[in-house]
Amino acid sequence: MQQKVKQVALALQGGGALGAFTWGVLEAFLLDKRIEITGFAGTSAGAMNALAAINGLIKNDRQGAIDSLNNFWLSASDVTFMSMPALYDYYGNMIGEPNLKTSPFFLSPYFSVLFNYLSPYIWNPYRVNYFKDFCKDFFDFNAIKKSKNPKLYLAATHIESGKIKIFNNSDVSLDVAMATTCLPRLTHAADVNGEFYWDGGLVANPPIYPLIYGHCAKDIVVIQLTKNNAPQIPKTATHIRHRFNEISLNSNLIREMRAIYLITKLIDEGKIKDKTIMRINLHVIKDDILFNELGAGSMLNMDKDFLHRLHNRGLKIGQEWIEKNFNSLGKKLPFSPAIYNDYIKD
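The structure contained in this document is the topic of the report that follows.

Rules and cut-offs
Residues numbered from 1 in each chain as written. Predicted model: local features only at pLDDT ≥ 70, side-chain atom pairs only at ≥ 80, totals over all residues. Heavy atoms only, no water. Helix = DSSP H or I, 4+ residues; strand = E, 2+ residues; numbered from the N terminus. Rg over C-alpha atoms; globule rule 2.2 N^0.38 Å. Buried < 20%, exposed > 50% of the residue type's maximum accessible area, 1.4 Å probe, protein only. Contact = heavy atoms within 4.5 Å. Areas by Shrake-Rupley, 256 points an atom, 1.4 Å probe, with all protein chains shown as cover. Lys, Arg positive; Asp, Glu negative; His and termini not counted. Charge placed at Lys NZ, Arg CZ, Asp CG, Glu CD. Axes fitted to C-alpha atoms, helices over the stretch in contact; angles between N-to-C directions. Parallel < 35°, antiparallel > 145°, perpendicular 65-115°, else oblique. Left-handed = near helix turned anticlockwise from the far one by under 90°. Nonpolar A, V, L, I, M, F, W, Y, C, P; charged D, E, K, R; others polar. 1 Å grid on protein atoms, 1.4 Å probe; cavity = no way out; pocket = protein on both sides within 12 Å on 5 of 7 lines; lining within 4 Å. Points joined across faces, edges and corners; volume = space filled by probe spheres on them. Phe/Tyr/Trp six-rings, centres within 6.5 Å; stacked < 30°, edge-to-face > 60°. Polar contact = N/O pair within 3.5 Å; in protein donor to acceptor, adjacent residues only side chain to side chain. Pairing = 2+ DSSP bridges.

## Here's the deal with the overall build of the protein chain
Inference 1: When you go through the protein chain residue by residue, the secondary structure sums to 14 helices and 8 strands.
Inference 2: At 20 Å, the protein chain has a C-alpha radius of gyration in line with the 20 Å of a compact globule built from 346 residues.
Inference 3: For the protein chain, the residues scored as buried account for 51% of the 346 residues in total.
Inference 4: A separation threshold of at least 6 residues defines the contact pool for the protein chain, and within that pool the share at least 24 residues apart is 77%.
Inference 5: Carbon and sulfur atoms make up 56% of the accessible area of the protein chain, which totals about 17200 Å².
Inference 6: Looking at charge distribution, the protein chain has the averaged site of its 38 positive side-chain charges lying 7 Å from that of its 32 negative ones.

## Points about the packing of helix H2 (residues 45-83) against helix H7 (residues 130-138)
Inference 1: Where H2 contacts H7, the two axes come as close as 10 Å, and the packing angle between them is 155°. With respect to H7, the axis of H2 lies roughly antiparallel. In the crossing of H2 with H7, the sense of the turn from one axis to the other is right-handed. Seen from H2, the contacting residues are Met-48, Asn-55, Lys-59, Ser-68, Asn-71, Phe-72, Ser-75, Ala-76, Val-79, Met-82 and Ser-83; seen from H7, they are Tyr-130, Phe-131, Phe-134, Cys-135 and Phe-138.
Inference 2: Class assignment for the residues of the contact of H2 with H7 results in 10 nonpolar, 5 polar and 1 charged.

## Describing unusual backbone geometry
Inference 1: Cis rather than trans, the peptide bond between Asn-149 and Pro-150 has omega equal to 0°.
Inference 2: In this structure, the amide linkage connecting Asn-205 to the following residue, Pro-206, adopts the cis form with an omega of 0°.
Inference 3: One can find Pro-206 in the loop between strand E6 (195-199) and helix H10 (209-213).
Inference 4: Positive phi is not limited to glycine here, since Asp-61 has a value of about 50°.
Inference 5: Locating Asp-61 in the fold gives a position in helix H2.
Inference 6: Of note in the backbone geometry, Leu-100 takes a positive phi value of approximately 60° without being a glycine.
Inference 7: Turning to its location among the elements, Leu-100 is positioned in the loop between helix H3 (90-95) and helix H4 (104-107).

## With respect to the environment of Pro-120
Inference 1: Position of Pro-120 among the secondary structure elements: in helix H6 (residues 120-123).
Inference 2: For Pro-120, the residues in contact, after removing those within four places along its chain, are Pro-125, Pro-184, Arg-185, Leu-186, Thr-187 and His-188.

## Here we look at the layout of surface pockets
Inference 1: Counted as a void, the second largest pocket has a volume near 520 Å³.
Inference 2: Lining the second largest pocket are 23 residues, with Val-284, Trp-321, Asn-325, Ser-336 and Ala-338 positioned closest to its centre.
Inference 3: Listed by contribution, the elements that provide at least two residues to the lining of the second largest pocket are strand E8 (281-285), helix H13 (304-325) and helix H14 (337-344).
Inference 4: Within the lining of the second largest pocket, the residues separate by chemical class into 12 nonpolar, 6 polar and 5 charged.

## Overview of the packing of aromatic side chains
Inference 1: The final tally for this structure, using the stated rule, is 17 aromatic pairs.
Inference 2: Their ring planes at 35° and their centres at 5.7 Å tell us that Phe-72 and Phe-134 sit as a pair that is tilted. With a gap of 62 residues between them, Phe-72 in helix H2 and Phe-134 in helix H7 connect regions that are remote in the sequence. Residue Phe-72 shares its accessibility class with Phe-134, and that shared class is buried.
Inference 3: Where Tyr-88 meets Tyr-90, the ring centres are 4.5 Å apart and the plane angle is 70°; that geometry is what we call edge-to-face.
Inference 4: With a relative accessible area of 24%, Tyr-88 lands in the partly exposed category.
Inference 5: When its relative accessible area of 62% is taken as the criterion, Tyr-90 is described as exposed.

## Structural notes on the packing of helix H1 (residues 19-31) against H13
Inference 1: Taken N-terminus to C-terminus, the directions of H1 and H13 make an angle of 40°; their axes are 6 Å apart at the nearest point. When the interaxial angle is binned, H1 and H13 end up oblique. The chirality of how H1 crosses H13 is right-handed. Seen from H1, the contacting residues are Ala-20, Phe-21, Trp-23, Gly-24, Val-25, Glu-27, Ala-28, Phe-29 and Leu-31; seen from H13, they are Leu-307, His-308, Leu-310, His-311, Arg-313, Gly-314, Leu-315, Ile-317, Gly-318, Gln-319, Trp-321 and Ile-322.

## With respect to the side chain of Lys-286
Inference 1: Tracing the backbone shows Lys-286 in the loop between E8 and helix H12 (288-292).
Inference 2: Within polar-contact distance, the side chain of Lys-286 engages the side chain of Asn-228 at 2.9 Å.
Inference 3: Within the structure, the side chain of Lys-286 is placed 2.8 Å from the side chain of Asp-342, a separation counted as a polar contact.
Inference 4: Each residue touching Lys-286, except ones within four places of it in the same chain, is listed here: Phe-21, Gln-224, Asn-228, Ile-317, Asp-342 and Tyr-343.

## Considering the pairing of strand E3 (residues 151-158)
Inference 1: The buried fraction of E3 amounts to 7 of the 8 residues, a majority that puts the element mostly inside the structure.
Inference 2: In the sheet, strand E2 (residues 35-42) pairs with E3 via 4 bridges, with the strands oriented parallel. Residue pairing in the sheet places Ala-41 in a bridge with Tyr-153 of E3.
Inference 3: Strand direction decides the pairing type here: E3 and strand E4 (residues 164-168), joined by 5 bridges, are antiparallel. Paired with Leu-154 across the strands is Phe-167, a residue of E4.
Inference 4: Linking E3 back to E4 in an antiparallel pair, the connection comprises 5 residues, with Gly-162 at a positive phi of about 75°.
Inference 5: Pairing geometry for E3 and E6, over 3 bridges, is antiparallel. Bridged to Ala-156 within E6 is Asp-199.

Read these as layout, nothing more, since geometry by itself doesn't imply function.
Okay, here's the thing in structure tokens:
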């Protein structure tokens, strides 16, 4: 008897090079033909993973998606070091240190001044953007725009209002890809139809609610790239800045988790009887052991060996998660105690 295919929707957090961990998790889901991915919601690197997966699915189904993700990350590595060779850390790579502590980018006061005190409108007046050129050639945006399944939701921050903007399949374009990945200190604001945007991680990292409103699946899996808890109080300027960024990136996720918990609780208690409000099972895939070892510099480390390390770890964690949770997918589950303790409990 053929086993029923189970559906999941994936919410993919941003995190620069750490998105290679998500690449590995996605490969685990794509390799398992018992699971169908019906929706992606993503921010920044999460959005790129979603676009790469759908780009490949259109061309050659699951294997196409696996190949597309692989090609995206390895090609993005080449583009990064071609455009910013100062990010390459020769000594760090030799000793297995992934945080770019001895890269020219972090050692040189020139780069510190350039990126911390000068606007990209000053040091890059001609809007040179090698990553944009790469994306223009890599993605078939017209094909993605016409696709209906999986559903796609990409988050960006509308600069004027400070609100989240969600772009779906029919909105997809090169400009939208630049909007969800636009780092204000590195690139000019992204222009989408005369409106200007920054990285979606400022307001949603990742967005979950579009997957619920879109009725994508009963099971929504968040793939998280930032740790919740810091094992030690940060005391150096670098560690303080890194922990500050982690808290900022997770704050929107925590608020959305709390809202989902409240709605789930009210539905289970019979206080919400509206059948149009979809009850979901919320899951999280993360690796605190791995990300506790990584500092802020690792988010910029596009060295291929490091990317493969992240990918392999994500693939392993993803396969272990599927093995543990597959049988429960599709069933009505109580709100996860682990998620409650990590995101809800005071």
